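Below, each chain spelled out in residue letters.
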Amino acid sequence: SPSEFSYYGMRAVLVLYFKYFLRWDDDMATSIYHTFVALCYLTPILGAIVADSWLGKFKTIIYLSVVYAIGQITMAVSAIHDITDSDRDGTPNNMTFHVVLSMVGLFLIALGTGGIKPCVAAFGGDQFEDHQERQRRTFFSVFYLCINGGSLLSTIITPILRAQNCGIYSQQKCYSLAFGVPAALMLVALVVFIVGSGMYYKAEPQGNIMMDVCKCIGFAVKNRYRHRSKQYPKKQHWMDWAEDKYDKLLIAQIKMVLKVLFLYIPLPMFWTLFDQKGSRWTLQATNMDGNFTVNPILILTLVPIMDSLIYPLIGKCGLNFTPLRRMTVGMLLAAIAFICAALVQIEIDKTLPTFPTSSQSQLKLLNMGSNPVTVKLPGYDALSLPAAQTDDLTSKPQEGNNAIRFVNGMNTTVNVSTPAANFGQIVPFSSSNYSQIKNGMFTFKLWSGSQSCEYNREFGYGSSYTFFIPNTLVFGSTCQESITVAEDIKPNSVHMALQIPQYFFITAGEVMFSVTGLEFSYSQAPSNMKAVLQAGWLFTVAIGNFIVLIVAELAKIPKQWAEYVLFASLLFAVCVIFSIMAYFYTYIDPTEIEAQFKKSVNEDDEDDKSKKLQKTEVELVKRDSINSHGEEDKARQTKM
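The structure contained in this document is the topic of the report that follows. (Residues numbered from 1 in each chain as written. Predicted model: local features only at pLDDT ≥ 70, side-chain atom pairs only at ≥ 80, totals over all residues. Heavy atoms only, no water.)

1. A word on the sheet that holds strand 10 (residues 440-448)
One open sheet holds the four strands; their spatial order is 7-6-10-11, and the pairing between them is antiparallel. The sheet is open, and its two edges are formed by strand 7 (421-426) and strand 11 (451-459), each paired on a single side. For this sheet, the mean inter-axis angle between neighbouring strands, taken without regard to orientation, is 15°. Direction of pairing for strand 6 (residues 414-418) relative to strand 10: antiparallel, over a ladder of three bridges. Counted as the bridge partner of Ser-417 is Lys-445 from strand 10. (Pairing = 2+ DSSP bridges. Helix = DSSP H or I, 4+ residues; strand = E, 2+ residues; numbered from the N terminus. Axes fitted to C-alpha atoms, helices over the stretch in contact; angles between N-to-C directions.)

Here it is, written out as structure tokens:
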């Protein structure tokens, strides 16, 4: 499923693109990310209405896939740093150009995905006739497997593409490749889809049930308001006020839908937590040691395990694990996931260095000599500065890179280079600029004139070092022993494996909440109302993402672990409310209610028919008597 590949793939690197390419802070990157995700879940409601009422599914898929691909190409272009990098130092000089272009790209992608999400599955379903129910079920199983497969592949491949270095004048992380490859795949998929055009059954737009439902509800509200005075008799349900204009069966169906939609009110809070996987959790991983993707693999394995193993086991224990109870447990699991994330964050915070705040200054001391020096600062105790020691940097290196610099304590100019970075010429008693290098073993070559030596060092993630070249250095095959090292910032020591519990809980939560939620919704409402429920469900996801924005902007909690605890507490509170609502919910069988309704309507029709029949018989009798009187009169006249 190329659309899923490109959508989930882009989401996997989007926050990193905001943070490291557009240079936004964590809060700004998180806010824009969630605005984009919310838009991606609002536009399918419009997409479904356009397809059902106007263009038809086939044309909607084609037109909006083109919009989608244009959006992705725009994103890929916005990530080419060389376009505005006039001084060729690897960073864009006109960031506004890149920001505007990427925002336009994201808007087009949100529009495009809105046309694809609701139409592709439904268009596939249209290809099967009523007697092909088994084949249709198989198609949907394969379809959802493709979605999860696309998601899995993309969340693994896209970050690998991003990690490549590319550029015309200077090499940087290749975001344009991460956005461009899915765009190319999308175009190939679109061509294949159009080529098969003649083989598809294309249903004509039938009109969208959403519009009928909205009009009916609108009319009921207006009519209720018009008859608000006490002189009018009360009705059993406020939707009954629509009976003046709308069919009783439609009103009964809407009542069932509203009952389910009422249960949707607390649901956005789950998505508030769930969708932070792509924002806050991704940013959390940048301060950790290691590199791997775990979530889509968990989804692919947990769905069958839950269905075939866990639910039957719970059933055998004699517990009635109803859909609403499953959803409640799913919410609890998501809250537990955020408690795990908070505990991991506390461990990370312990390893982070203390940097000066906006109201403080940092004094950098560097002892260039080969003997310790004692320094006395006003208001502080005497400080002993060892030989070849320094302190610098006001933030931890980004993306798990290591910030490295060399200080030359010799009387001659020294050149330092490694395949990953060139430190250039370092004049006596001065330092090089910081260079960012990845994790792994590196060999640095130092030379002055015709003399040279090599220095080897292994690096982890997110550290900072100053290497001091002393005036006692003697060039030879190696200068391993001569160079002294000051570790300014320790490497990331909390391993990414610690994120596994939170990913496990949030994924188990999603399987219990999301899969069960849609199944439950469909089982509690008529089949012709599925589009309305799908729209309501997508709307809860969008609202959930907006809640992240509101909390992130209003709360402004300085400690990230405290924000995780806040979200977990909010979901726990909502979970209690939802469990109370679920307790009072009575399960129904929509087909039975519809059947009873149709039966009563048929009985009414039968009564009407019998009344009409009686009326007709009476009229015929009358007509016969009039006719017979007429014949008698004629006979009398002829006799006369």
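2. Focus: the state of the cysteines
Enumeration according to the criterion identifies two disulfides in this entry. At a sulfur-sulfur separation of 2.0 Å, the disulfide partner of Cys-166 is Cys-174. Taking the sign of the torsion about the S-S bond as the criterion, the disulfide between Cys-166 and Cys-174, at about 100°, is right-handed. The partly exposed category is assigned to Cys-166, whose relative accessible area is 22%. Each disulfide pairs two cysteine sulfurs, and for Cys-453 the partner residue is Cys-479, the sulfurs being separated by 2.1 Å. (Disulfide = S-S within 2.5 Å. Buried < 20%, exposed > 50% of the residue type's maximum accessible area, 1.4 Å probe, protein only.)

3. Some points on the environment of Thr-507
Summarising the element assignment, Thr-507 is placed in helix 13 (residues 500-523). Relative accessible area serves as the criterion here: at 0%, Thr-507 is assigned to the buried category. Along the primary structure Thr-507 and Leu-333 are separated by 174 residues, whereas in three dimensions their C-alpha atoms are 8.7 Å apart.

4. Focus on the side chain of Gln-524
For Gln-524, the position within the fold is in the loop between helix 13 and helix 14 (530-555). Among the residues examined, Gln-524 registers a relative accessible area of 4% and is labelled buried. Side-chain polar atoms of Gln-524 contact the side chain of Tyr-585, separated by 2.9 Å. The residues contacting Gln-524, other than those within four sequence positions of it, are Met-256, Val-260, Tyr-585, Thr-586, Tyr-587, Ile-588 and Pro-590. (Polar contact = N/O pair within 3.5 Å; in protein donor to acceptor, adjacent residues only side chain to side chain. Contact = heavy atoms within 4.5 Å.)

5. A closer look at the pattern of salt bridges
Applying the stated criterion to the full structure yields five salt bridges. Of the charged contacts in the structure, one is a salt bridge between Lys-19 and Asp-26, with a shortest N-O distance of 3.1 Å. Note on Lys-19: relative accessible area 13%, which makes it buried. Look at Asp-26 and you get partly exposed, because its relative accessible area is 30%. The shortest N-O distance in the salt bridge between Arg-280 and Asp-27 comes to 2.8 Å. One end of the pair, Arg-280, is in helix 10 (residues 280-285); the other, Asp-27, is in helix 2 (residues 26-55), with 253 residues separating them in the sequence. Residue classification places Arg-280 among the buried residues on the basis of a relative accessible area of 4%. (Salt bridge = Lys/Arg side-chain N within 4 Å of Asp/Glu carboxyl O.)

6. Concerning helix 15 (residues 560-583)
Under the 1.5 Å per step criterion, the end-to-end length of helix 15 is 35 Å for 24 residues, consistent within 8% with the ideal 34 Å. Those residues of helix 15 lying buried are Glu-563, Tyr-564, Phe-567, Ala-568, Leu-571, Val-574, Cys-575, Phe-578, Met-581 and Ala-582. Among the structural elements, helix 8 (248-263), helix 9 (268-274), helix 10, helix 12 (323-351) and helix 14 are those in contact with the buried residues of helix 15. (Expected span 1.5 Å × (residues − 1).)

7. Section: the nonpolar core
Among the nonpolar cores identified, the biggest contains 90 residues, and Leu-14, Tyr-17, Phe-18, Phe-36, Phe-179 and Met-331 are the most heavily contacted of them. Excluding residues within four positions of it along the chain, Phe-179 makes contact with Met-10, Val-13, Leu-14, Tyr-17, Gln-72, Met-75, Ala-76 and Ala-79. Residues Ile-404, Cys-453, Phe-467 and Phe-475 belong to the second largest nonpolar core, which totals 22 residues. (Core = buried A, V, L, I, M, F, W, Y, C linked by side-chain atoms within 4.5 Å.)

8. Some details on unusual backbone geometry
Residues other than glycine predominantly adopt negative phi, and peptide bonds predominantly adopt the trans conformation. You will see that Arg-23, though not glycine, has its phi angle at about 60°, which is positive. With respect to the helices and strands, Arg-23 occurs in the loop between helix 1 (2-21) and helix 2.

9. Examining helix 7 (residues 209-226)
Here helix 7 is 18 residues long and its end C-alpha atoms lie 26 Å apart, about the 26 Å a rise of 1.5 Å per residue gives. Here the buried face of helix 7 lies against helix 2, helix 8 and helix 14.

10. Description of the pairing of strand 7
Looking at chain direction, strand 6 and strand 7 are connected through five bridges and run antiparallel. By the bridge assignment, Val-414 is partnered in strand 7 with Ile-426.

11. Focus: the packing of aromatic side chains
According to the stated counting rule, one finds 41 aromatic pairs in the structure shown. Judged by centre distance (5.2 Å) and plane angle (15°), the ring pair of Tyr-17 and Phe-21 falls under stacked. A residue pair is termed a helical-turn pair when its members lie 3 or 4 positions apart in one helix, as Tyr-17 and Phe-21 do in helix 1 at four residues. One exposure class covers both Tyr-17 and Phe-21, and it is buried. Aromatic rings pair up to connect Phe-406, Phe-423, Phe-442, Phe-444, Tyr-455, Phe-459, Tyr-465 and Phe-467 into one cluster. For Lys-259, the ring lying beneath its charged end belongs to Tyr-585, and the centroid distance is 4.6 Å. Positioned over the ring face of Trp-447 is Lys-445, at 5.2 Å from the centre of the ring. (Phe/Tyr/Trp six-rings, centres within 6.5 Å; stacked < 30°, edge-to-face > 60°. Lys NZ or Arg CZ within 6 Å of the ring centre and 35° of its normal.)

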